[in-house]
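Residue-level listing of the chains:
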Amino acid sequence: MVQVKVFQEKTSDLKVFQGAVNQFLQEQAQDIKVIDIKYTAEAVNPNNAAWTKWTAMVIFETEVPF
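Here, residues in each chain are numbered from 1, in the same order as that chain's written sequence. Owing to the predicted nature of the model, reporting of local features is limited to residues with pLDDT of at least 70; listing and counting of side-chain atom pairs is limited to 80 or more, with chain, interface and lining totals taken over all residues. Only hydrogens and water are set aside; all other atoms, that is, all heavy atoms of the structure, feed into the side-chain values.

Draft legend 1. Seen up close, the environment of Thr52. Structurally, the position occupied by Thr52 is in strand β3 (residues 48-62). Using a 1.4 Å probe on the protein chains alone, a residue whose accessible area is under 20% of its type maximum counts as buried, one over 50% counts as exposed, and one in between counts as partly exposed. In this structure Thr52 comes out as buried when scored by relative accessible area, which is 16%. On a C-alpha basis, the gap between Thr52 and Phe7 in space is 14 Å, while along the polypeptide they are 45 residues apart. A run of H or I in DSSP becomes a helix once it reaches four residues, and a run of E becomes a strand once it reaches two; helices and strands are each numbered from the N terminus.

Draft legend 2. The pattern of salt bridges, seen in detail. For this document, the term salt bridge refers to a Lys or Arg side-chain nitrogen within 4 Å of an Asp or Glu carboxyl oxygen. For the structure on display, the rule yields 1 salt bridge. Between Lys38 and Asp36 there is a salt bridge, with its nearest N and O atoms 2.8 Å apart. A relative accessible area of 44% places Lys38 in the partly exposed class. A relative accessible area of 29% means that Asp36 is categorised as partly exposed.

Draft legend 3. Up close: the nonpolar core. Counting 10 residues, the largest nonpolar core consists of Phe7, Phe17, Val21, Phe24, Leu25, Ile32, Trp54, Ala56, Val58 and Phe60. Where this core is concerned, the elements lending two or more residues are α1 (14-27) and β3. The contacts of Phe7, once residues within four sequence positions are left out, are Phe17, Ala20, Val21, Phe24, Trp54, Thr55, Ala56 and Val58. Residue types Ala, Val, Leu, Ile, Met, Phe, Trp, Tyr and Cys, when buried and joined through side-chain atoms within 4.5 Å, form a set referred to as a nonpolar core. By the convention used here, residues are in contact when the closest approach between their heavy atoms is within 4.5 Å.

Draft legend 4. Looking closely at the packing of aromatic side chains. Any pair of Phe, Tyr and Trp rings, taking the six-membered ring for Trp, is counted once the centres come within 6.5 Å. Such a pair is stacked with planes under 30 degrees apart, edge-to-face with planes over 60 apart, and tilted for the rest. Enumeration according to the criterion identifies 3 aromatic pairs in this entry. Pairwise contacts between aromatic rings join Phe7, Phe24 and Phe60 into one cluster. Two conditions define a charge located above a ring, namely a distance within 6 Å from the ring centre to NZ of Lys or CZ of Arg, and an angle within 35 degrees of the ring normal. Across from the ring centre of Phe7, 5.5 Å away, lies the NZ or CZ of Lys5, which sits over that ring.

Draft legend 5. Expanded view of the confidence of the model for the protein. Per residue, pLDDT measures the predictor's confidence, with a range of 0 to 100. For the protein, the average pLDDT comes to 92, and 98% of its residues sit at 70 or higher. When pLDDT is averaged over each helix and strand of the protein, the minimum, 90, is found for β3 and the maximum, 96, for α1.

Have a look at this one:
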């Protein structure tokens, strides 16, 4: 069964966002097969590039429903 998991984070530190996605991937490594990961970044305030709204969608295949 193909499923998706969406992540969204507003942060000035990309590592925080990557950490959330990587944690999910590590925790589910035995149960999922990643098909694709798509992401976007949006400047929340174009006059202040310190904050970015990150969104990622992990598309994966699994036998275990989430």
